[in-house]
Amino acid sequence: MKARLVHLNLATESGDPRMFWLIASNLKKQNWDVSVACAYFDEKVFPDLRGDIRVSVFASGKISYYSSGSNIYREVWSRVTRKMLSIWHVFLISKQSFDGIDMLVCQNDDSYILGKILKRRYPGLKVVWVMNNAPYFSSSKKNIFVKIGSLIAAAVEYIQARWAISGVDLVVVHDKEREALAKKITQRVELLPIPVEYDKFFSIPRASSDSAKPFLLLSAGSLSPARSYEDVIDALALLRSKGINVRAEFICKNFWKNDSYKNFLEKRVLQGGLALGEDVIFHYQGLPDPEFVSLFHRGDAFIFPNRQNIWGMAPMEAMAAGMPLLVSASSSVAEIVEDGKTALIFPAGDIHKLAELILTLIKNPELRFKIAKAGQSFVKENLCWDVYIKKFIKATGV
């Protein structure tokens, strides 16, 4: 069986391209003949996942489709030019031959339009849209003009999606919110939570920790206000004010050059009476894979504080690494874990409850080990790539 996967931007080292390469590489492990088409490509991004998979590139240079302008006018212009480029790249990719291809997998951006275009030439082609983000979803905005612009953009994207969905055989989503969004345009939807590289992150959960060392809290994800890292900082400051020996590290790559949020967080650290670079460490450049995994093996607990409904691979990776997970109730991760058994769930933004749960884990190593062990078992049984890719293939009906 032959599969061609399409992603318009494989030049950025972020979660979305990483998931894309994991789907590609795991299809190959299932003996599929896999090829990739993209607009932008960087061979330095996830080479270990890419392996010898064939890649066709239809643009030159390096660009991020997710960059934003510094003011509303530049933001509007940026959105318009990105949209035009995106459509143009889809058109270029559609001109190549898809002879012999059994399944086309399109992930995010406008790549799903290919189904509408190609079905005319290849009516038997199975088209799958991996919708990690619904293009017609509009999040809340503080600025009224930005909000209006966002709503207009969402309306345009919705019209486009309604037009193109007839060329898509299946939409794959990873949480209930995106499932509901996808069902606004089609009932051909499959909910498959994003898995993790279990063997890569696995570490035996620790029954105890070194009391002489600070209890290490970890959080990870791109540097964005949506991540609500300030809640972890505030909870940390609250615990330190009570004499609890605890510190935190954030793996928060600054993809979008969001210096305003960066400055906000650093100011929050100082306001909490914490030492930047000692009590709190930010990894704005991210970490190489070996260092990333090593840090996860040293962490005592992982916090996913998002106030918005966001999925993340990092919380599941932390569970695989043997850390107990603390997750906000607003996160889509909370949909699949069981409070008090595989994770601890707290109300989003409630720093007092978060601090209370952290203190509970510190003072009760047996509970910490129990939750870490149960969480790790849950990931192994439900969120491994081997399990995911078999469900993925079965859902497509190929």
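Nothing here was measured: the structure is a model prediction, and the numbers come from that model.

S.K.: Can you explain the overall build of the chain? Please cite residues and give values.
M.R.: A tally of regular secondary structure across the chain gives 14 helices and 13 strands. Its C-alpha atoms give the chain a radius of gyration of 22 Å, near enough to 21 Å, the size a compact globule of 398 residues would have. Its C-alpha atoms give the chain principal-axis dimensions of about 70 × 50 × 35 Å. For the chain, restricting intrachain contacts to residue pairs at least 6 apart in sequence, the fraction spanning at least 24 positions comes to 68%. Total accessible area computed for the chain in this model is approximately 17,800 Å², and 53% of it derives from carbon and sulfur atoms. Of the side chains in the chain, 52 bear a positive and 41 a negative charge, and the two mean positions are spaced by 4 Å.

S.K.: So, the packing of helix 8 (residues 229–241) against helix 9 (residues 259–271): which residues are in play, and what are the values?
M.R.: At a minimum axis distance of 9 Å, the contact between helix 8 and helix 9 shows a crossing angle of 10°. Comparing their axes, helix 9 and helix 8 come out roughly parallel. Of the residues in helix 9, those touching helix 8 at Tyr229, Glu230, Ile233 and Asp234 are Tyr261, Phe264, Leu265, Arg268 and Val269. In the contact of helix 8 with helix 9, the residues fall into 6 nonpolar, no polar and 3 charged.

S.K.: Just give me the short version of unusual backbone geometry, but keep the residues and values in it.
M.R.: Residues other than glycine seldom take positive phi values, yet Phe46 does so here, at roughly 50°. Mapped onto the elements, Phe46 comes out in the loop between strand 2 (33–41) and helix 2 (47–50). Unusually for a residue other than glycine, Asp109 sits at a positive phi of about 50°. Inspection of the secondary structure assignment puts Asp109 in the loop between strand 4 (103–107) and helix 4 (113–118).

S.K.: Describe the nonpolar core, listing the residues and the values that go with them.
M.R.: With 63 residues, the main nonpolar core has Leu5, Leu27, Phe296, Phe302 and Phe392 as its most contacted residues. At 7 residues, the largest contribution of residues to this core is made by helix 1 (residues 15–29). Not counting residues up to four positions away in its chain, the partners in contact with Phe392 are Met103, Val105, Val128, Val130, Val172 and Leu192.

S.K.: Describe the pattern of salt bridges, with residues and values.
M.R.: Throughout the structure, instances matching the rule amount to 19 salt bridges. As a salt-bridge pair, Glu249 and Arg247 come within 2.9 Å of each other at their nearest N and O atoms. Of the residues examined, Glu249 reaches a relative accessible area of 6% and is grouped as buried. Here Glu356 ties to Lys353 by a salt bridge, and the two come within 3.3 Å at their closest N and O atoms. Highlighted residues: Glu356 and Lys353, both in helix 12 (residues 351–363), separated by 3 residues, approximately one helical turn. Relative accessible area serves as the criterion here: at 45%, Glu356 is assigned to the partly exposed category. With a relative accessible area of 28%, Lys353 lands in the partly exposed category.

S.K.: Got a sec to walk through empty space enclosed by the protein? Specific residues and values, please.
M.R.: Under the definition given, this model contains 1 cavity of 30 Å³ or more. Arg206, Gly299, Asp300, Gly322 and Pro324 are the residues nearest the centre of the largest cavity, which is lined by 15 residues in total. It is helix 13 (residues 365–382) that contributes the most residues to the lining of the largest cavity, 3 residues altogether. Split into classes, the residues belonging to the lining of the largest cavity amount to 6 nonpolar, 6 polar and 3 charged.

S.K.: Could you give me a rundown of the sheet that holds strand 1 (residues 2–10), with the residues and numbers involved?
M.R.: Taken together, 7 strands build an open sheet; the order of strands is 3-2-1-4-5-6-7 and the sheet is parallel. Edge positions in the open sheet fall to strand 3 (54–57) and strand 7 (189–191), since each of these has one partner strand only. The average angle at which neighbouring strand axes cross in this sheet is 20°, direction not considered. Strand contacts of helix 1: strand 1, strand 2, strand 3, strand 4 and strand 5 (126–130), with the helix running at about 165° to strand 1, the strand carrying the most contacts.

S.K.: Describe a nonpolar patch on the surface, naming the residues involved and giving the relevant values.
M.R.: Together, Ile144, Phe145, Ile148, Ile152 and Val156 give the surface a local cluster of nonpolar side chains, amounting to about 510 Å² of exposed area. Looking at where Ile152 falls in the secondary structure, it is placed in helix 5 (residues 144–164). On the basis of relative accessible area, Ile152 is assigned to the exposed category, the value being 52%.

S.K.: Lay out the packing of helix 12 against helix 13 in plain terms, naming residues and giving numbers.
M.R.: Direction vectors running N to C along helix 12 and helix 13 enclose 105°, while the axes themselves pass 5 Å from each other. Taken together, the axes of helix 12 and helix 13 lie roughly perpendicular to each other. Contacts from Thr360, Leu361, Ile362 and Lys363 of helix 12 reach helix 13 at Pro365, Leu367, Arg368 and Ile371.

S.K.: Could you give an account of the pairing of strand 12 (residues 325–328), with specific residues and numbers?
M.R.: On strand 12, burial covers both faces: Leu325 and Val327 on one face and Leu326 and Ser328 on the other are all buried. Pairing analysis gives 3 bridges linking strand 11 (residues 301–304) to strand 12, with the strands arranged parallel. For Ile303, the partnering residue across the bridge sits in strand 12 and is Leu326. Handedness of the crossover joining strand 11 and strand 12 through helix 11 (residues 313–320) is recorded here as right-handed. Both strand 12 and strand 13 (residues 344–346) contribute to a ladder of 3 bridges, which runs parallel. The partner of Ser328 across the bridge, within strand 13, is Phe346.

So, how was this worked out
- Residues numbered from 1 in each chain as written.
- Predicted model: local features only at pLDDT ≥ 70, side-chain atom pairs only at ≥ 80, totals over all residues.
- Heavy atoms only, no water.
- Helix = DSSP H or I, 4+ residues; strand = E, 2+ residues; numbered from the N terminus.
- Rg over C-alpha atoms; globule rule 2.2 N^0.38 Å.
- Contact = heavy atoms within 4.5 Å.
- Areas by Shrake-Rupley, 256 points an atom, 1.4 Å probe, with all protein chains shown as cover.
- Lys, Arg positive; Asp, Glu negative; His and termini not counted.
- Charge placed at Lys NZ, Arg CZ, Asp CG, Glu CD.
- Axes fitted to C-alpha atoms, helices over the stretch in contact; angles between N-to-C directions.
- Parallel < 35°, antiparallel > 145°, perpendicular 65-115°, else oblique.
- Nonpolar A, V, L, I, M, F, W, Y, C, P; charged D, E, K, R; others polar.
- Core = buried A, V, L, I, M, F, W, Y, C linked by side-chain atoms within 4.5 Å.
- Buried < 20%, exposed > 50% of the residue type's maximum accessible area, 1.4 Å probe, protein only.
- Salt bridge = Lys/Arg side-chain N within 4 Å of Asp/Glu carboxyl O.
- 1 Å grid on protein atoms, 1.4 Å probe; cavity = no way out; pocket = protein on both sides within 12 Å on 5 of 7 lines; lining within 4 Å.
- Points joined across faces, edges and corners; volume = space filled by probe spheres on them.
- Pairing = 2+ DSSP bridges.
- Patch = residues over 30% accessible without salt bridge, like charges linked within 9 Å, V, L, I, M, F, W, Y side chains within 5 Å.
- Right-handed = clockwise from strand over helix to strand, strands pointing away.

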